[in-house]
Structure formats: C-alpha cells, structure tokens
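# Understanding the architecture of this molecule
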Amino acid sequence: SVGMGEHIGGRNLQLFFDKIYECLRPGGVYLHHGIHLRPHTPFPIWTAFARKYVFPNGELHSILPLQECATRAGFEVRDLENIRESYVLTLENWVKRLEENHDAAVKLVGEVSYRIFRIYMAGATLGFKAGVYSLNQILLSKPNDGSADLPLTRADWYQ
C-alpha cells in the first residue's frame, strides 16, 4: 500500500489492518508505505492549508498507532525504514519539474491550482527536511505457526 494510510484516518486504522491480515495467507507479507507525523509533535501551521486545498480528508498520524494496530491485528513487524531524506529529493525534483512546465500545468489545471500545489510541495519539503514528517516503509508478516521462512536481511529481500 502506498499512501493509503493518510486517507483512511486513525479511527479506521484497526479495521484496515484487520482486513489486510484476514486477506493474507499464513506466511504472507504486507508492505505499508506512508507519510507520518513525528511522534508527540503538533501539526505545523501549514497543515490547515494542506487540509483545505490538497488533502481535505487526509489525516496524518505517527508511526506508533500504525504499529500498534498492525500488531493487534496479528502481524509481526519485520522491518521499518524511514526514507524521509529521499523524499526531500523527490519533492524538490517535483517542484523543479513543475516550475519548468509552468505553462503546460496552468493550461491543464489553471494558475490557482498550480500555485496551490507549488506552495503545498514547498511546505512539505520543509516539513520533511525538519523531521516533522517521515516517510516510512513498514514490512509486516502474517505468522505461519512460528515459522518465518522469510529472507534474513533487507538486502536479501531486494535480490
């Protein structure tokens, strides 16, 4: 799942993980990729802008309730990786490419939408640089009678 957690909301998180767990076979794995707020951090001042113009139904939470709901559903946490610095580079590239294609973007969505997304990505970049937001990938497995039968390291997964 890429980016789904931001849209289901905290109150639906347990149901979400319960359903994924139910759908996996024993020994199956699930990779959850999502943006999270640093634990015990208040929302930044630009959150209201993003909620109003970009993600009206979005809801960020920290990685902690996600892990809690996943383990309560029965999952075992196999790996957790924070790749926020990589996402800073992604956002900076998106902004650069958006600016390079200003006229085409405006033709498609209008100047107001162009500016909204330009401002949003600038704020998001600041949030990721400061560590307010993180981009986490958490690998979960559904136990199979205690036998993991999974690759031993992250490098093994990549092969």
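Above this text sits the structure in question.
A brief structural summary. Just so you know, these numbers come straight off a predicted model, no measurement behind them.

With their axes 9 Å apart at the nearest point, helix H5 (residues 84–100) and helix H7 (residues 111–130) run at an angle of 155° to one another. Viewed along their axes, H5 and H7 adopt a mutual orientation that is roughly antiparallel. Regarding H5 and H7, the two cross each other, and that crossing is left-handed. Where H5 abuts H7, its residues Arg84, Tyr87, Val88, Leu91, Glu92, Trp94, Val95, Leu98 and Glu99 lie against Tyr114, Arg118, Met121, Ala124, Thr125, Phe128, Lys129 and Ala130. Taken together, the residues that form the contact of H5 with H7 break down as eleven nonpolar, one polar and five charged.

Applying the stated criterion to the full structure yields ten aromatic pairs. With 5.4 Å between their ring centres and 80° between their planes, phenylalanine 16 and phenylalanine 17 make a pair best called edge-to-face. With respect to burial, phenylalanine 16 and phenylalanine 17 carry one shared label: buried. Consider the rings of tyrosine 87 and phenylalanine 128, whose centres lie 4.9 Å apart with planes at 70°: the pair is edge-to-face.

Moving on: the sheet that holds strand S3 (residues 133–141). With antiparallel pairing, three strands are arranged side by side in an open sheet as S1-S3-S2. Strands with a single pairing partner mark the edges of an open sheet, and in this sheet they are strand S1 (29–37) and strand S2 (76–82). The average angle at which neighbouring strand axes cross in this sheet is 20°, direction not considered. Packing against the sheet, helix H2 (residues 13–23) makes contact with S1 and S3, and its axis sits at approximately 165° to S1. Seen against the sheet, H5 touches S1, S2 and S3 and runs at an angle of roughly 125° to S3.

Each value, and the rule that gives it
Residues numbered from 1 in each chain as written. Predicted model: local features only at pLDDT ≥ 70, side-chain atom pairs only at ≥ 80, totals over all residues. Heavy atoms only, no water. Axes fitted to C-alpha atoms, helices over the stretch in contact; angles between N-to-C directions. Helix = DSSP H or I, 4+ residues; strand = E, 2+ residues; numbered from the N terminus. Parallel < 35°, antiparallel > 145°, perpendicular 65-115°, else oblique. Left-handed = near helix turned anticlockwise from the far one by under 90°. Contact = heavy atoms within 4.5 Å. Nonpolar A, V, L, I, M, F, W, Y, C, P; charged D, E, K, R; others polar. Phe/Tyr/Trp six-rings, centres within 6.5 Å; stacked < 30°, edge-to-face > 60°. Buried < 20%, exposed > 50% of the residue type's maximum accessible area, 1.4 Å probe, protein only. Pairing = 2+ DSSP bridges.

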